[in-house]
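# Structure assessment
Read off the chains here:
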Amino acid sequence: MENISFEDVFEGKLAKNEMIEPKDWMPENYRKHLIRQISQHAHSEIIGMLPEGNWITRAPSLRAKVVLLAKVQDEGGHGLYLYTAAETLGVSRDELLNNLHTGKAKYSSIFNYPTLTWADIGAVGWLVDGAAIMNQVMLQRSSYGPYSRAMVRICKEESFHQRQGYEIMTHLAFGTKDQKEMAQDALNRWWYPTMMMFGPPDSESPNSENAMKWRIKRETNDQLRQRFVDQTVKQVEYLGLIVPDENLKWNEAKNGYDFTEPNWVEFKNIISGNGPCNKERLAARNKAHDDGKWVREAAQAFAKKRSEIYAAA
Amino acid sequence: MTTQEALFQYILRIGDTNLILGQRLSEWTGHGPFLEEDLALTNITLDITGAAKSFLEYAAKVEDKGRSEDDLAFLRNDRQFFNAQITELPNGDYARTIARQVLVDCFDYYFYQELSKSNDETLAGIAQKSLKEVTYHLRHTSAWLERFGDGTEESHNKVQLALNELWQYTNELFEMNEVDELLIKEGIAVDLNLVKTKWEKHISELVEKSTLTIPQNVFMQTGSRKGIHTEHLAFILAEMQALPRIYPDAKW
Amino acid sequence: MSDNQGPVWEVFLQKKAGQPFVHCGSLHAFDKEMALENARDLYTRRGEGCSIWVVPSNAIVASSPEDFGPFFEPSNDKVYRHPTFYQIPDAIGHM
């Protein structure tokens, strides 16, 4: 036993599909990669509350209103589970939020697109959550215990999100002419941005190799993207809508669709802050945080006073 | 006025108060002062919007003219809304949102206690369910009132200012008219004088515990029982009702 | 006083009366009442529990991975602590 290094123990656990826990020794790269990945994921959930939250006050029925509220709330909850998972790696929520608010941290490019119509709420639930779920299901088996446990909880809760999105799309696609046009328009605008969610092509994905080795990721960006297209096409067809890709074609040989890649130049620009809503999203988060400062200070002051009172009693 | 007409009016009043308050609170989702509280307030919003749905469903049934709860929520004009004015005021800062919520939660707490004894079984049923929810809301918002009142100087001043400005809208909650008179005789409606006594005692104790003071000699606003509102309601409705009005044939 | 998100608390949920409390996650809160309410609002949105414990994270004392050998391996050979170690005559049946 004496000759076995920390590194060997760590590698041994990975090899045996065992979980790494917060107090276990881990390579610094692994810790850093995890903090980056988990916090980006958390930021995405929190920023993701905004485009959908945009339609809460305009939801067209009382049922739609409570469903959307519950869904946006879940996203906040998921952000929270993920922040607490990241915190077990020795970084504080304050630091993580600060990285988000100053624009230092990244989050999913998808949430920098605007939600322009009610159909976008359907499209986001159906396509964006659909794509997110494919990533998340795989992450339930990631090697870091707190991350994996957070993902299990998230996947359980997420299961209604995609369904509610598709339900909105069916109401629209089988509704009036205006509604169907609204649905097609939303699909046209969200199709390529959703495909970008899986990240750049494998050939250009700098962080993938380690992530696969460490079981923080278990399928490549291109594999996931292919699977997403394959499973989504028939859902589009059922709605009587058209995938906005004239190159989309079934390829018998690979048992999957050939399709047009999203515009990676646009992707890079959105990631670096030039998307249609990057500034609005960050400004909204910063405003909420700044407006909340006196609230947090009051709670802190009150707690301090009360613990002094408890101590004196 | 028949009992049916009075009952319809009465349920609209309760349903609209929940609907408009839920609408205002929902503006906070995604913008709360910190993540945990964002989710907590959204839970309250969900309860209140759910209650609005239940009451309006029942109102539609009592009216019996083929309208649904969504028709009532999305296709009436501002003069046909009977929510208390306090619910339509802008959220303001978090102190104002909390202060308004405490005042309304406390009203609902005693109101639903009485309403759950109503001879009208449907109303009593919704009230029993809502009472459990509101008991928690009141606990949550009371704790915040105390934190603000006895927190920092800044929070104390903000929440005191909120109370001072909201107070003029509190009397409306207890106003009674011919609807109440008729329905109290039937054992359906709640005597709001009874609720007022309990509310005043509860609020004055809570305000004192929070090191705050209740504003004195305030001139009270009135109007919502007749469908007269502040300037804010029409804007709320313009936003909330936009889709069903632009696409009148659509189902969502 | 510096602005922050408040201390971290650990949340334990009892699913049904009589069952043990199980750790379900963490959260931030500034005081005890807030911790309890936040736990309710975050971790029981789908009826996951009937009772909650919240504990400040820094009050938890945890064993280290290095402790695994000395802490837990010594109990592996104490087979006499398990009922199957003992032989009961067949005639007696289940005991």
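The present account deals with the structure reproduced in this document. Per chain, the residues get numbers from 1 upward, laid out in the order the sequence is written. For naming, the first written chain is A and the first written ligand is 1, with later ones following in the order written. Only residues with pLDDT of at least 70 get local features here, since the model is predicted, and only at 80 or more are side-chain atom pairs given and counted; chain-wide, interface and lining totals rely on the full set of residues. Computation of side-chain values: all heavy atoms of the structure, hydrogens and water removed.

## Some words on the interface of chain B and chain C
Between chain B and chain C, the residue contacts involve twelve residues of the former and 15 residues of the latter. Where chain B abuts chain C, roughly 1300 Å² becomes buried across the two surfaces, and 51% of that area is made up of carbon and sulfur atoms. A simple way to read buried area is as the amount of 1.4 Å-probe accessible surface that goes missing from two parts once joined, with both sides added. When the buried area of chain B at its contact with chain C is split by residue, B:Glu36, B:Tyr136 and B:Arg147 rank highest and sum to 43% of it. Put simply, a salt bridge is a Lys or Arg side-chain nitrogen that is within 4 Å of an Asp or Glu carboxyl oxygen. One can count three salt bridges joining chain B with chain C. When the shortest N-O distance is used, the salt bridge between C:Glu37 and B:Arg139 registers 3.8 Å. We define a polar contact as two N or O atoms separated by no more than 3.5 Å, with the added condition that, inside protein, one atom must be a possible hydrogen donor and the other a possible acceptor, whereas residues neighbouring each other in sequence contribute only through side-chain atom pairs. Here chain B and chain C share seven residue pairs in polar contact (both at pLDDT 80 or more) between them. Residue assignment for the side of chain B that touches chain C shows that the elements contributing at least two residues are α2 (35-63) and α5 (121-149) of chain B. With six residues, α5(B) is the single largest residue contributor to the side of chain B that touches chain C. A contact between two residues is defined here by any heavy atoms of the two lying within 4.5 Å. A helix here means a DSSP run of H or I that spans at least four residues, while a strand means a run of E at least two residues long, and both kinds are numbered starting from the N terminus.

## Some remarks on unusual backbone geometry
Positive phi, close to 55°, is recorded for A:Asn255, a residue that is not glycine. Mapped onto the elements of the fold, A:Asn255 is located in the loop between β1 (249-251) and β2 (256-258). Here B:Thr211, not a glycine, exhibits a phi torsion of approximately 60°, which is positive. Looking at the secondary structure, you find B:Thr211 in the loop between α8 (192-209) and α9 (232-240). Relative accessibility decides the category of a residue: with a 1.4 Å probe and only protein chains considered, values under 20% of the type maximum give buried, values over 50% give exposed, and everything between is partly exposed. The exposure class assigned to B:Thr211 is partly exposed, which follows from its relative accessible area of 39%.

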